[in-house]
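Topology and contacts: notes
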Amino acid sequence: MNAFYEHHKDNIRFAYRCFDRILLHATIQPFQQEQRAVGFFWTYRQIYPVSRQVLRDIATQYHNWAKNRSQKWGVPIQADPEGRRDDFVDRYFRRAQPDHVVAIIKAREPATIMTSIGKDDRWHLEMKRRWVEQYNFYVQDSRWGQMFVRVCPYFPFSARVCLNQHYWLALRLQERGIHFQLCANAFLQCSDPEALQKLADFLTADEMISCAQKWLARFTPFFTSEERKHACVQHRLFFAQVEYSDNLVFRRRAAVDALEQRLLDANRTIGQPNKLTLIFGRRITRHHGGKLQTVIEDMNLPNPVIRSHYRKGFLKQYVRDRFILRTETATNNISTDYGIGKAVDNLPQLRQKLSGIIDRYLDAQQDILETFVDHQELRQLTQPTLLPNGRRIPGLKLDQPRQLALMHSLVRFCYLAAEGTFTTRDLYPQTLQAIRMSPEQYKPASLRYDLWKLRAKGLVEKIPHSRRYRLLPHGYQICLVFLKLYEKIYAPLTAGILRPFAADQDIPQEKITTIDRRYSAVIHALDDLVDAVGLKAA
């Protein structure tokens with residue numbers, strides 16, 4: 001269990017982790033090659049060549065089938081609604097029966113389709129990305145609960161299947177007679193949290209495949225049973241988008257609200273993760289593409305979201321349903337972001353990878369919230385270090401700009417994810433940015449000297465037989481202590497006294513943030529003390 005949970009467990013009623021949204025991409029592998037598609041039409045349909053009209057007829061047949069099925073099921077085909085589709089179809093699920101289609105939405109969306117190019121009797125096939133009308137079938141599955149299947153009516157019938165493990169878990173708990181309360185997309189109560197977590201970890205790839213294949217076969221009637229058996233025209237499933245969430249259900253709303261405010265404040269200042277290489281367990285190279293930043297979003301809403309972007313994915317932390325602190329990692333490309341194959345058979349490795357990311361993120365948050373160091377140790381850190389060879393290395397100074405800049409670059413989340421290792425080349429650009437100097441003013445040799453002082457104090461170690469370094473756990477915490485004292489105590493108070501913002505005087509008292517009110521209280525207390533002892537400006 002991570003340090004964050006251990007520290008706050010007295011306020012937590014129970015905790016669980018599970019997959020949230022699982023979006024699967026379904027393709028018929030043989031038809032991704034144009035030659036094999038031509039072979040299918042000739043072998044099983046005696047059609048050659050495959051002209052544009054042949055493909056149009058297939059799409060027309062599917063549209064007619066969908067219209068016929070909607071009438072038979074008593075489920076009208078509806079246009080794409082404004083707002084979130086999940087909110088729109090929620091009313092239809094309230095009276096849904098198991099294994100029934102409850103709603104059909106027809107919407108124009110991008111898909112990869114087969115196109116035919118040529119004329120007369122000379123045609124060839126090509127795969128193209130096009131915006132086409134697709135059908136979203138919303139289903140109440142007997143095993144998975146609420147889900148939807150999106151099918152492209154154009155050959156070769158690419159599809160998307162969306163599952164949610166919360167609904168799957170609710171049905172499994174119900175089968176076992178375990179009492180629970182499922183609110184929207186989270187469990188607020190559970191009489192057996194251990195059983196809940198065991199069930200969440202029990203989910204297998206076969207469970208997803210069997211559900212998806214059942215509905216894909218129903219929604220792609222173009223193929224006969226013989227063709228499915230001999231031509232291998234079943235859809236193969238791949239992860240398109242995955243969300244994995246850690247849910248801490250608190251006993252009291254006040255406790256989670258107070259913790260949220262502290263997390264928001266910490267992420268505004270100390271260790272802002274402008275480069276997130278280490279939490280996500282992968283190093284950044286010159287070939288990297290995508291975002292590397294943390295932002296706080298939805299500041300005008302009751303529950304702001306801390307969102308850390310990394311490549312095609314992100315990690316977000318927020319309060320939902322008043323009592324739950326949710327930390328959720330998501331990706332649109334598990335291969336690029338995590339180095340894991342997209343096939344659904346890789347579910348166990350993906351679960352382990354995402355769980356490790358969340359653990360490292362929460363450990364880092366706890367380090368930021370609760371770092372402390374003994375006073376005697378702090379005095380020792382400021383004293384010079386004498387090496388066995390007699391060489392004297394200066395101590396660490398609380399207000400030394402170069403040292404603070406180096407510490408600031410070290411505690412950024414970018415060095416929590418490549419298993420904590422880095423080179424001076426990795427560190428140099430970020431230290432320059434923090435210290436706000438040019439390369440001529442602060443050279444790599446200066447950085448190596450400053451890093452040497454941290455090594456002498458046992459905060460950083462050099463990896464043997466390499467050029468790489470590692471920031472030790474206690475070194476990470478001590479760096480945070482130095483930065484907290486300077487950036488959150490001395491610097492803000494000094495700025496508030498010497499250069500206060502005039503516009504702050506016009507802000508109503510009730511709209512001033514809690515942290516600003518506390519800083520103001522300290523400044524006013526200092527003014528009262530100065531007046532009391534008679535220290536006034538001449």
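Anyway, here's the lowdown on the structure attached to this text.

Quick notes on the rules
Residues numbered from 1 in each chain as written. Predicted model: local features only at pLDDT ≥ 70, side-chain atom pairs only at ≥ 80, totals over all residues. Heavy atoms only, no water. Helix = DSSP H or I, 4+ residues; strand = E, 2+ residues; numbered from the N terminus. Buried < 20%, exposed > 50% of the residue type's maximum accessible area, 1.4 Å probe, protein only. Areas by Shrake-Rupley, 256 points an atom, 1.4 Å probe, with all protein chains shown as cover. Contact = heavy atoms within 4.5 Å. Polar contact = N/O pair within 3.5 Å; in protein donor to acceptor, adjacent residues only side chain to side chain. Pairing = 2+ DSSP bridges. Axes fitted to C-alpha atoms, helices over the stretch in contact; angles between N-to-C directions. Parallel < 35°, antiparallel > 145°, perpendicular 65-115°, else oblique. Nonpolar A, V, L, I, M, F, W, Y, C, P; charged D, E, K, R; others polar. Expected span 1.5 Å × (residues − 1). Arc of directions from axis to C-beta. Phe/Tyr/Trp six-rings, centres within 6.5 Å; stacked < 30°, edge-to-face > 60°. Core = buried A, V, L, I, M, F, W, Y, C linked by side-chain atoms within 4.5 Å.

**Notes on the overall build of the protein**
Counting its secondary structure elements, the protein contains 17 helices and 18 strands. The buried share of the protein, reckoned over its 538 residues, is 48%. In the structure as shown, the protein presents an accessible area of about 28,100 Å², 50% of it carried by carbon and sulfur atoms.

**Overview of the environment of Glu109**
Residue position: Glu109 is located in strand E3 (residues 100-119). Accessibility expressed as a relative area gives 11% for Glu109, which makes it buried. C-alpha of Glu109 to C-alpha of Trp131: the two residues are 22 residues apart in sequence and 5.2 Å apart in space. Those residues in contact with Glu109 that sit more than four places away from it in its chain are Arg85, Arg130, Trp131, Val132, Gln134, Asn136 and Arg150. Reaching out from Glu109, the side chain makes a polar contact with the side chain of Arg150 at a distance of 3.3 Å.

**Focus on the side chain of Gln403**
Checked against the element boundaries, Gln403 lands in helix H13 (residues 401-411). According to the relative accessible area criterion, Gln403 is buried, its value standing at 4%. Leave out the neighbours within four places in its chain, and Gln403 touches Leu396, Lys397 and Phe482.

**Some points on the sheet that holds strand E17 (residues 460-462)**
Read across the open sheet, the 3 strands follow the order E16-E18-E17; overall the sheet is antiparallel. Here the strands that pair on one side only, and so sit at the sheet edges, are strand E16 (421-422) and E17. On top of the sheet, helix H15 (residues 444-456) reaches E17 and strand E18 (469-471); it is set at about 105° to E17, its chief contact.

**Points about the packing of helix H14 (residues 424-435) against H15**
Packing of H14 against H15 leaves a shortest axis separation of 10 Å and a crossing angle of 105°. Here H14 is positioned roughly perpendicular relative to H15, judged by the angle of their axes. Two secondary-structure elements touch here, H14 through Thr424, Leu427, Tyr428 and Thr431 and H15 through Pro444, Leu447, Arg448 and Leu451. For the contact of H14 with H15, the class distribution of residues is 5 nonpolar, 2 polar and 1 charged.

**Focus on H15**
In this model H15 runs 18 Å from its N-terminal to its C-terminal C-alpha over 13 residues, within 8% of the 18 Å that 1.5 Å per residue would give. All of the buried residues in H15 are Ser446, Leu447, Asp450, Leu451, Lys453 and Leu454. Each buried residue of H15 lies within a common arc of 145° when the element is viewed along its axis, so the set occupies one face. In the core, the buried residues of H15 are packed alongside strand E15 (392-393), H13, H14, E17 and E18. Looking one or two residues beyond H15, the residue adopting positive phi is Gly458, at roughly 75°.

**Structural notes on the packing of aromatic side chains**
Overall, the coordinates contain 32 aromatic pairs when judged by the stated rule. Geometrically, the ring pair formed by Trp65 and Phe137 is edge-to-face, given 6.4 Å between the ring centres and 65° between the ring planes. Within this pair, whereas Trp65 is found in helix H3 (residues 52-73), its partner Phe137 is found in strand E4 (residues 122-141), the two being separated by 72 residues in sequence. For Trp65, a relative accessible area of 17% translates into the label buried. A relative accessible area of 1% means that Phe137 is categorised as buried. Between Tyr428 and Tyr442 the ring centres are 6.5 Å apart and the planes differ by 15°, which places this aromatic pair in the stacked class. Here the residue Tyr428 occupies a position in helix H14, and Tyr442 occupies one in the loop between H14 and H15, the gap between them amounting to 14 residues. Relative accessible area serves as the criterion here: at 14%, Tyr428 is assigned to the buried category. With relative accessibility at 0%, the residue Tyr442 sits in the buried group.

**Overview of the nonpolar core**
By size, the foremost hydrophobic cluster in this structure holds 93 residues, and its most contacted members are Phe137, Phe155, Phe219 and Phe239. Dropping the residues within four chain positions of it, Phe239 is found in contact with Ile22, Leu23, Leu24, Met208, Ile334, Lys342, Ala343, Val344, Leu347 and Leu350.

These values are about where atoms sit, not about what they do.
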